[in-house]
Amino acid sequence: MKKLRKVLSVLAVCCMSLTAFSCSQAEEEPEEVVSYKEIAPETREELASLAAKDERLTGELENKKIKWLSDWDLNADTPTDLAIFQERYGGEIEWYKCLYAERYDMLANYINANEGIDFFYAGNFDAFPKGAIRSMFAPCDDYIDFSSDLWKDVKDMNDAVMWKGKHYMTVVEMTGDNCAVMYNRDTVQELGFDDPYELYQDGEWDWEIFEKMLKAFCNPDEQKYGLDGWWFESGLSATVGVPYIGLENGTLVSNLTDGNIERVQNFMYDLYNSNCIAIGVGDFGWSDHPEYIGEGKELFYPVGLWKLYSEAHKVNERTGVDSGWKGTFGENCMFVPMPKDPESDAYYTPASMNAYCFVKDGQNPEGVAKWLECKRLTLLNDDIKKIADQKFIDDYEWTQEMLDMKNEMNDLAMENPVIDFKNGVTTDLFDMLDSSENGVRAAGKGTPWNESLAAIKNPVQTMIDEANNS
């Protein structure tokens, strides 16, 4: 937990940005049909019984409704924590729908209109502490006791992200599902290599075997592509355990000259020169093609596990296209963490937080606190956790191996989290570092790291200094 507290303390400083709320998804995404599968009555009955018997859930709830503003609906597929909230407290979540890029503008409008929005997602690392400073969020200390049995194992996490002595962000858990390597077991078997899942179990899943497999597979002339997607650069970078923008002694620092950063950038440059990178290179273009995994034309697609938090098959009646995760990645899809840096002292992995903020002038903070307690209970009550895991099998057709791998990745994130806040200082800094011309993506597109470093080192340092002195 000592290392975790050190990493989490970066959040409290790095998010003190000069810029307005920004997002990394600038383009409007097409609207998707939300699934609302109902939990089986016998499962609801079992959850109700387990929740009633667990003494960690206390009291009753007079106001049953809590209002949630987001681009995604917490009611989708009735998650286990929501079912417990419904059964134990008669709770209800009302979804206020918005576009991702407009969520802060809409939140401000709702606050000004006294709509009573109750809570807001904080896991994107752009809500805290700016939302507290601008009076968009309120502390939760009057409603959540982080010393209680439900919260004590994440108390250090929450204490590390306090603002002015108050908890403005409630961290439910640290997760490792930020970036996983999707692959098709059939493709790997045909290539003659061991399954990456087995390689991971044996402690052999690292950069070296990752590169060896890519070089053996890739042949763009025969439509055999290697790395695809928008997340592999940040995913690989995290494996060295050093964020591009970090914190030392309470001060933001640029780690661009760190030798570990140089190593991972040179590794990506070597992958580019070996034709192992697809997206943004040559004739492949700038559109990602996760469906190539299912078609056997692509080896690895690093992406968050949210890609698999959906139905296995979802066929469009008009086009006949199956956009379910099995329809995209294939019937024999599997995933593993990003490969370990063989020179690192530990297995580092990109981490995420499952965290929420109480909105200023919310109508029902007590209700939000009770729902968050239900979320915590799903992680602590072994019997309830088994039911929650079973939903992945029943609703999404996951295998036990997939569940085990997901849990293993969460453990890695708790032990050795790497959270990079290069997008939390200013928009100009993020645009510079995220660039494919001279930023952290450039090596994978054919630009040597020493050239990029020469171009961005001083401007980045200037922006860091300005943020530290603001």
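Cut-off values and rules
Residues numbered from 1 in each chain as written. Predicted model: local features only at pLDDT ≥ 70, side-chain atom pairs only at ≥ 80, totals over all residues. Heavy atoms only, no water. Axes fitted to C-alpha atoms, helices over the stretch in contact; angles between N-to-C directions. Helix = DSSP H or I, 4+ residues; strand = E, 2+ residues; numbered from the N terminus. Parallel < 35°, antiparallel > 145°, perpendicular 65-115°, else oblique. Contact = heavy atoms within 4.5 Å. Nonpolar A, V, L, I, M, F, W, Y, C, P; charged D, E, K, R; others polar. Buried < 20%, exposed > 50% of the residue type's maximum accessible area, 1.4 Å probe, protein only. Pairing = 2+ DSSP bridges. pLDDT = per-residue confidence, 0-100. Core = buried A, V, L, I, M, F, W, Y, C linked by side-chain atoms within 4.5 Å.

**Q** Quick rundown of the packing of helix H14 (residues 365–380) against helix H15 (residues 382–396)? Include the residues and the values.
**A** Here H14 crosses H15 at 95 degrees, and the two axes come no closer than 6 Å. Accordingly, the angle class assigned to the pair H14 and H15 is roughly perpendicular. For the pair H14 and H15, contact is made by Leu-377, Thr-378, Leu-379 and Leu-380 and by Asp-382, Ile-384 and Lys-385, respectively. Residues of the contact of H14 with H15, tallied by class, amount to 4 nonpolar, 1 polar and 2 charged.

**Q** A description of the environment of Ser-147 should follow, citing residues and the corresponding values.
**A** Tracing the backbone shows Ser-147 in the loop between strand S4 (137–138) and helix H6 (155–159). The class for Ser-147 is partly exposed, based on a relative accessible area of 49%.

**Q** How would you summarise the sheet that holds strand S11 (residues 333–337) if you had to cite specific residues and measurements?
**A** Strands sit in the order S7-S10-S6-S11 across an open sheet of 4 strands; the sheet is mixed. Sheet topology places strand S7 (225–227) and S11 at the edges, where each strand pairs with a single neighbour. Direction aside, the axes of adjacent strands within the sheet are offset by 30 degrees on average. Across 2 bridges, the pairing between S7 and strand S10 (residues 298–303) is parallel. In the strand pairing of S10, Tyr-225 is matched with Glu-298. Contacting strand S6 (180–184) and S11, helix H16 (residues 400–415) crosses the sheet at an angle of about 15 degrees to S11.

**Q** Describe the confidence of the model for the protein, naming the residues involved and giving the relevant values.
**A** Of all residues in the protein, 90% have pLDDT values of 70 or greater, and the mean over the chain is 88. Per-residue pLDDT stays below 50 along residues 1–30; that stretch engages in 81 contacts with residues further than four places along the chain or on separate chains.

**Q** How would you summarise the nonpolar core if you had to cite specific residues and measurements?
**A** Most often, soluble globular proteins keep nonpolar side chains buried together rather than apart. Within the largest apolar cluster, 76 residues are counted, with the highest numbers of intra-cluster contacts made by Trp-205, Leu-236, Phe-300 and Phe-335. A total of 7 residues in this core trace back to one element, the largest contributor, which is helix H18 (residues 449–469). Grouped together as the second largest cluster of nonpolar side chains are 63 residues, Trp-68, Tyr-121, Met-174 and Ala-351 included.

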